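# Fold and contact review
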Amino acid sequence: MRQLRQTFAAFVVRDFRYMWGGSLLSVTAFMTSFSLIPSVAYELTGSYTAAGIAMLGSGISQTLLGPIGGVIADRYRKKPLVVVGQAMPGVLLGALGTLIVTDLISVPLLVVATLVMGAGFSLMGPARQAWTGFIVPRRLLANAVALQQMSMNTGQVLGPTLIAVFGLFMALEGANTGILFLIVASFFAIVVPLTASIRTEGPAKPIEERRAMSVELAEGFRYLRGNPRLRILWFYFLLIVACGWGFQTLLPGVLAQEFGRAPTDVGPTFLIFGVSSLVINILLAGAVSGRWAWPLLMIMGLVMAVGFWVVAIAPTYGAFLILGAFIGAGRSGTMLVNQSLMMANTNPAYFGRVMSFAMMAFGFQALFGPVWGGIADAIGGPETMALIGVIAAAATVFILFGWLRTRHLPLEAGTAAASMGRRVGTSVQRPAPAEAGSSNGLEAQPAFAAQLAPVVLMDPQKVQQ
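Residues numbered from 1 in each chain as written. Predicted model: local features only at pLDDT ≥ 70, side-chain atom pairs only at ≥ 80, totals over all residues. Heavy atoms only, no water.

Here we take up the overall build of the protein chain. A count of helices and strands for the protein chain gives 18 helices and zero strands. Taken across its 465 residues, the protein chain has 59% of its residues classed as buried. Counting only contacts in the protein chain whose residues sit at least 6 apart along the sequence, the fraction spanning at least 24 positions is 85%. (Helix = DSSP H or I, 4+ residues; strand = E, 2+ residues; numbered from the N terminus. Buried < 20%, exposed > 50% of the residue type's maximum accessible area, 1.4 Å probe, protein only. Contact = heavy atoms within 4.5 Å.)

Okay, the nonpolar core next. Grouped together as the largest cluster of nonpolar side chains are 122 residues, with contacts concentrated most on Phe 16, Ile 37, Trp 294, Phe 320, Met 342 and Met 385. By residue number, the principal contributor to this core is helix α2 (residues 14–45), which donates 13 residues. (Core = buried A, V, L, I, M, F, W, Y, C linked by side-chain atoms within 4.5 Å.)

Our next topic: α2. For α2, spanning 32 residues, the distance from its first C-alpha to its last is 47 Å, which sits close to the expected 46 Å at 1.5 Å a residue. When you tally the buried positions in α2, you get 25 out of 32 residues, the bulk of the element. (Expected span 1.5 Å × (residues − 1).)

Its 20 residues place the ends of helix α14 (residues 293–312) 29 Å apart at the C-alpha level, agreeing with the 28 Å of an ideal helix rising 1.5 Å per residue. Judged by how many residues are buried, α14 sits mostly within the fold: 14 of 20 residues are covered.

Here the focus is the packing of aromatic side chains. This model, assessed by the stated rule, comprises 13 aromatic pairs. Centroid distance Phe 30 to Phe 188: 6.1 Å. Interplanar angle 75 degrees. Geometry classified as edge-to-face. Pair noted here: Phe 30 is in helix α2 and Phe 188 is in helix α9 (residues 188–196), with a separation of 158 residues, a long-range link. No difference in accessibility class separates Phe 30 from Phe 188, as the two residues are buried. Measuring from ring centre to ring centre gives 4.1 Å for Tyr 223 and Tyr 350, while their planes differ by 0 degrees; the resulting arrangement is stacked. On the criterion of sequence distance, the pair formed by Tyr 223 in helix α10 (residues 213–226) and Tyr 350 in the loop between α15 (317–344) and α16 (351–379) is long-range, its members being 127 residues apart. Each of the two residues, Tyr 223 as well as Tyr 350, counts as buried. Clustering of aromatic rings is evident, with ring pairs tying together Phe 247, Phe 259, Phe 308, Tyr 317 and Phe 320. For the cation-ring pair, Arg 407 lies above Trp 403, with the distance from its terminal atom to the ring centre recorded as 5.2 Å. (Phe/Tyr/Trp six-rings, centres within 6.5 Å; stacked < 30°, edge-to-face > 60°. Lys NZ or Arg CZ within 6 Å of the ring centre and 35° of its normal.)

Take the confidence of the model for the protein chain next. On average, residues of the protein chain score 79 in pLDDT, and 82% of them reach the 70 mark or higher. Note on residues 421–429: pLDDT is under 50 here. Beyond four places in sequence and across chains, it has 15 contacts. Segment residues 432–465: pLDDT under 50, and 96 contacts once partners within four positions in sequence are set aside and those in other chains are kept. (pLDDT = per-residue confidence, 0-100.)

Let us now look at unusual backbone geometry. With a phi angle near 60 degrees, Asp 103 is a residue other than glycine that sits in the positive phi range. Residue placement: Asp 103 occurs in the loop between α5 (78–101) and α6 (107–135). By relative accessible area, which is 64% here, Asp 103 ends up exposed.

Moving on, we come to the side chain of Arg 331. Inspection of the secondary structure puts Arg 331 in helix α15. Side-chain polar atoms of Arg 331 contact the side chain of Gln 248, separated by 3.2 Å. (Polar contact = N/O pair within 3.5 Å; in protein donor to acceptor, adjacent residues only side chain to side chain.)

In this section: the environment of Ala 87. Checked against the element boundaries, Ala 87 lands in helix α5. Ala 87 sits in the partly exposed class, given a relative accessible area of 32%. On a C-alpha basis, the gap between Ala 87 and Pro 193 in space is 9.9 Å, while along the polypeptide they are 106 residues apart.

Turning our attention to the pattern of salt bridges. Close approach of charged atoms allows side chains of opposite charge to pair. For the coordinates displayed, the defined rule picks out four salt bridges. In this structure, Asp 15 engages Arg 14 in a salt bridge whose closest nitrogen and oxygen atoms are separated by 2.6 Å. In this structure Asp 15 comes out as buried when scored by relative accessible area, which is 6%. Because the salt bridges share partners, they merge into one network encompassing Asp 74, Glu 219 and Arg 353. (Salt bridge = Lys/Arg side-chain N within 4 Å of Asp/Glu carboxyl O.)

Together, Arg 222, Arg 225, Arg 231 and Arg 405 make up a positively charged patch on the protein surface. With respect to the element layout, Arg 222 can be found in helix α10. (Patch = residues over 30% accessible without salt bridge, like charges linked within 9 Å, V, L, I, M, F, W, Y side chains within 5 Å. Areas by Shrake-Rupley, 256 points an atom, 1.4 Å probe, with all protein chains shown as cover. Lys, Arg positive; Asp, Glu negative; His and termini not counted. Charge placed at Lys NZ, Arg CZ, Asp CG, Glu CD.)

With that settled, the discussion passes to the environment of Leu 409. Within the element layout of this structure, Leu 409 appears in the loop between α17 (381–406) and α18 (416–423). Spatially, the C-alpha atoms of Leu 409 and Arg 229 are 8.8 Å apart, while their sequence positions differ by 180 residues. Other than its neighbours up to four places away in sequence, Leu 409 contacts Pro 228 and Arg 229.

Right, let's talk about a nonpolar patch on the surface for a bit. Together, Ile 60, Leu 64, Leu 65, Ile 68 and Leu 115 make up a nonpolar patch on the protein surface, roughly 390 Å² of accessible area in all. Sorting elements by how many residues they give to the nonpolar patch places helix α4 (residues 56–75) first, with four residues. Among the secondary structure elements, Leu 64 is positioned in helix α4. With a relative accessible area of 59%, Leu 64 lands in the exposed category.

What follows is about the environment of Phe 237. Checked against the element boundaries, Phe 237 lands in helix α11 (residues 228–244). Excluding residues within four positions of it along the chain, Phe 237 makes contact with Met 335, Asn 338, Gln 339, Ala 358, Ala 361 and Phe 362.

Let us look at the packing of α2 against helix α8 (residues 177–186). It is the contact of α2 with α8, at a shortest axis distance of 10 Å, that shows an interaxial angle of 155 degrees. It follows from the interaxial angle that α2 and α8 lie roughly antiparallel. Crossing handedness for the pair α2 and α8: left-handed. Across from Ala 29, Thr 32, Ser 33, Leu 36, Ile 37 and Val 40 in α2, the residues of α8 making contact are Thr 177, Leu 180, Phe 181 and Val 184. (Axes fitted to C-alpha atoms, helices over the stretch in contact; angles between N-to-C directions. Parallel < 35°, antiparallel > 145°, perpendicular 65-115°, else oblique. Left-handed = near helix turned anticlockwise from the far one by under 90°.)

See the structure below:
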């Protein structure tokens, strides 16, 4: 019972319960729609490439607008940004469902829909990440982050479950896929009021401290580029997400061409994905704060790579479903550990911008969709999955060498990593004077364990001194 209370400790905060509930419903809607959009495109055209192109709009908007969303999240109140960002996809999903029901849907319209939904996510994502730090007390922040991740993975279970159940309903009653889009669009009629009921606003940056958006954006990128740990974590995140989410693009065609199933029959596969993701996140939640965080990051990357290799040679549909759990667990575990390390090594003043640069990965994965689709049309779906596994493995080797080169570098004062060093009695140096000429204004320090500090120690409202 005590362990259960610790697992859900952040739920004592009313506002966090409201945020968590809204996140669960919105993620379920997103996972349902984004899982089905490539299937709808493939059903219209019979082309892997078209399935990838359908998600192209999301890639464009998230890649271009994601960093701007980070600047906005650092400057303005978080609550209005999240509310608006949640309302946009609700309207779009309703329109998309109507077009599918009336047989007016086309691949270009799918691209437009994903373009607008991606813009909404670019506005909402960084703001929601930063908002969490103002809603819960500092001592509960790590637990809140873990529970937010759990809501995402629960949504990954509920979304495919909806698809699977609705697929059975379609077979029995001849219902149109567009009905399911209309159902998940209705979720936002609950999500938006729930989010609007949160009392904590998330303070805005004082007007006198604001500068031109381009200046703050460039400053955020310089900060990311100048921090060796953040730089390699960011690059790895871009690669691993682009590879991991390529599975969504290839799945409809593989089901149809390799196993003779309907391209919209993706529910069982994504259900396995969601369950394996949820399990691995629960197991990793207590491990990312220790010295095993970086090794776990690389282990999870290799698990994902191996997952792509084994599904590529799966002899039957049943084997394909079971082996797909490796991709789900590896992809989700890699993302969780990677983002935890990025947040722990980020100065709170740059949190929104750094997280927005990380979220560009979801734009890249959509831009890579047509690439994976084109390769699959040329060499085959299973062969393309094997190739993605090779790329993921190579990226993991890259992060291994990056970790070996950076693990003894000094920690930045004001980050969660530096705070952890103080808590365990490790000497953590303050920033050195600029004229000292040290990298990033820091002096060397031996605090290896502090590199792996959990997010709980990060205070987003001020730089710790």
